[in-house]
Amino acid sequence: MSAVLPRIAVTMGDGAGIGPEIIVKALADPQVATMARVVVVGDALRLKQAAALAGVAVDIVTVEDVEEASEIPGRITVIDLALLPEHLPFGELSATAGDAAYHYIRVASELAMAGIAHAWSDPIRCRSLSKGSDPFRCTSVTPPLPRGGARPQSRPARPCPAPCATTLAPREPRARP
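Residues numbered from 1 in each chain as written. Predicted model: local features only at pLDDT ≥ 70, side-chain atom pairs only at ≥ 80, totals over all residues. Heavy atoms only, no water.

A. Main features of the overall build of the chain. Helix and strand counts for the chain stand at 5 helices and 7 strands. Scanning the chain from its N terminus toward the C terminus, one meets helices and strands in the order β-α-α-β-α-β-β-α-β-α-β-β. Burial statistics for the chain: of 177 residues in total, 37% are counted as buried. Expressed as a percentage of contacts within the chain between residues at least 6 apart in sequence, the contacts between residues at least 24 apart total 74%. As presented, the chain carries roughly 10600 Å² of accessible surface, and 58% of it is formed by carbon and sulfur atoms. (Helix = DSSP H or I, 4+ residues; strand = E, 2+ residues; numbered from the N terminus. Buried < 20%, exposed > 50% of the residue type's maximum accessible area, 1.4 Å probe, protein only. Contact = heavy atoms within 4.5 Å. Areas by Shrake-Rupley, 256 points an atom, 1.4 Å probe, with all protein chains shown as cover.)

B. The arrangement of the pattern of salt bridges in detail. Throughout the structure, instances matching the rule amount to 6 salt bridges. With a closest N to O distance of 3.6 Å, arginine 37 and glutamate 71 form a salt bridge. One end of the pair, arginine 37, is in strand 2 (residues 37-42); the other, glutamate 71, is in the loop between strand 3 (59-63) and strand 4 (75-80), with 34 residues separating them in the sequence. Judged by its relative accessible area of 11%, arginine 37 falls in the buried class. Two residues, arginine 75 and aspartate 59, come together in a salt bridge whose shortest N-O distance is 3.3 Å. Of this pair, arginine 75 sits in strand 4 while aspartate 59 sits in strand 3; the two residues are 16 residues apart in sequence, bridging distant segments of the chain. Via salt bridges that share partners, Arg7, Arg37, Glu67 and Glu71 belong to a single interconnected network. (Salt bridge = Lys/Arg side-chain N within 4 Å of Asp/Glu carboxyl O.)

C. The arrangement of helix 4 (residues 95-113) in detail. Given a rise of 1.5 Å per residue, 19 residues ought to cover 27 Å, and the 27 Å separating the end C-alpha atoms of helix 4 matches this to within 8%. Among the residues making up helix 4, those that are buried are Ala97, Gly98, Ala100, Ala101, Tyr102, Tyr104, Ile105, Val107, Ala108 and Leu111. You can read the cap of helix 4 off the contacts: a side-chain oxygen lies 3.2 Å from the backbone nitrogen of threonine 96, and it is on serine 94. Downstream of helix 4 by one or two residues, glycine 115 has phi in the positive range, about 75 degrees. (Expected span 1.5 Å × (residues − 1). Polar contact = N/O pair within 3.5 Å; in protein donor to acceptor, adjacent residues only side chain to side chain.)

D. Here's a closer look at the packing of helix 1 (residues 19-27) against helix 3 (residues 44-54). In the contact formed by helix 1 and helix 3, the axes pass within 8 Å of each other and the chain directions differ by 75 degrees. Taken together, helix 1 and helix 3 sit at an angle that is classed as roughly perpendicular. Contacts between helix 1 and helix 3 involve Pro20, Glu21, Ile23, Val24 and Lys25 from the first element and Arg46, Leu47, Ala50, Ala51 and Ala54 from the second. Class assignment of the residues belonging to the contact of helix 1 with helix 3 gives a composition of 7 nonpolar, no polar and 3 charged. (Axes fitted to C-alpha atoms, helices over the stretch in contact; angles between N-to-C directions. Parallel < 35°, antiparallel > 145°, perpendicular 65-115°, else oblique. Nonpolar A, V, L, I, M, F, W, Y, C, P; charged D, E, K, R; others polar.)

All quantities given are derived from atomic positions and should not be read as evidence of function.
Structure (structure tokens):
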């Protein structure tokens, strides 16, 4: 008898950033299908674009429900919110991508709160999220170095240029002109 695999809803992260590429590369690994039933909350077209740019051969399929999450290696299932325009450039700060990232997080969180799936958020760009019209502002907190300034041994020799913990906090309503 096979074990029931956990259902995981992964947000696509910042559609103009590295999130889509990270997802297609990670979910292309055949071992992932043996560990969990993963569904991406994001934009199917953007994942297809990222797969093409990264040279990753995967089958990206839209689904309506987490229950349809695939256990087939090489297949990525997506709850397609279709929020990003087709020609949105990669690597540029975008309020549109920030708005979309907020909605990916919202939908995945709702699935998790309902007990339908575990949720995980892919990288988001705080500045993009803050530029959008979502009701939250994103703040980054750089963790302090341990006493003496030495980084823990578990960190890579070349630390991330901006390690941060991301939090969401209510944002003051914007003044309308």
